[in-house]
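In case you want the letters, here they are:
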Amino acid sequence: MPTKDLNAEREFFRRIAAALVEQHGWDRAVLIATAVRGYVYDRPEPGPYRDDAEKIYDRLGWEQAALLASWFRDSRNWPKPTRGRTS
């Protein structure tokens, strides 16, 4: 895969993930991504994030949903911890 295409793909998932985080916060976005992963493996579980996950899965399709779920599992994408107080 050419570098330009790979960078565009990374940016695509970063934007989707950023939108999820902006709308739901990091923790809930991770839970939604985990629920999407359940659809990828054809084992959706009941829970409060199932509806959101199903909509995302239906919209992206199997491969793109799998890549989105893996984006959240990649520790390079996790928020950086803050040290000390900033008040």
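To be clear, the structure that these remarks concern was listed above.
On a predicted model such as this, the values are computed, not experimentally measured, just so you know. (Residues numbered from 1 in each chain as written. Predicted model: local features only at pLDDT ≥ 70, side-chain atom pairs only at ≥ 80, totals over all residues. Heavy atoms only, no water.)

This brings us to the nonpolar core. Core analysis: the largest hydrophobic core is formed by 16 residues, its most contacted members being L20, V36, I56, L68 and F72. Broken down by secondary-structure element, the contributors of at least two residues to this core are helix 1 (3-24), helix 2 (26-40), helix 3 (50-60) and helix 4 (62-73). For I56, the contacting residues outside a window of four places in its chain are L20, I32, V36 and L68. (Core = buried A, V, L, I, M, F, W, Y, C linked by side-chain atoms within 4.5 Å. Buried < 20%, exposed > 50% of the residue type's maximum accessible area, 1.4 Å probe, protein only. Helix = DSSP H or I, 4+ residues; strand = E, 2+ residues; numbered from the N terminus. Contact = heavy atoms within 4.5 Å.)

In this section: the packing of helix 2 against helix 4. It is at 9 Å that the axes of helix 2 and helix 4 come closest, and there the two elements cross at 140°. The angle between helix 2 and helix 4 places the two elements in the oblique class. As for how helix 2 packs across helix 4, the hand of that crossing is left-handed. Residues W26, A29, V30, A33, V36, R37 and V40 of helix 2 lie in contact with helix 4, whose contacting residues are W62, A65, A66, A69, W71, F72 and R73. (Axes fitted to C-alpha atoms, helices over the stretch in contact; angles between N-to-C directions. Parallel < 35°, antiparallel > 145°, perpendicular 65-115°, else oblique. Left-handed = near helix turned anticlockwise from the far one by under 90°.)

Moving on, we come to the side chain of H24. Following the sequence through the fold, H24 ends up in helix 1. At 3.2 Å, the side chain of H24 and the side chain of R28 are in polar contact. Ignoring anything within four residues of it in the chain, the contact list for H24 reads A29, I32 and D52. (Polar contact = N/O pair within 3.5 Å; in protein donor to acceptor, adjacent residues only side chain to side chain.)

Read these as layout, nothing more, since geometry by itself doesn't imply function.
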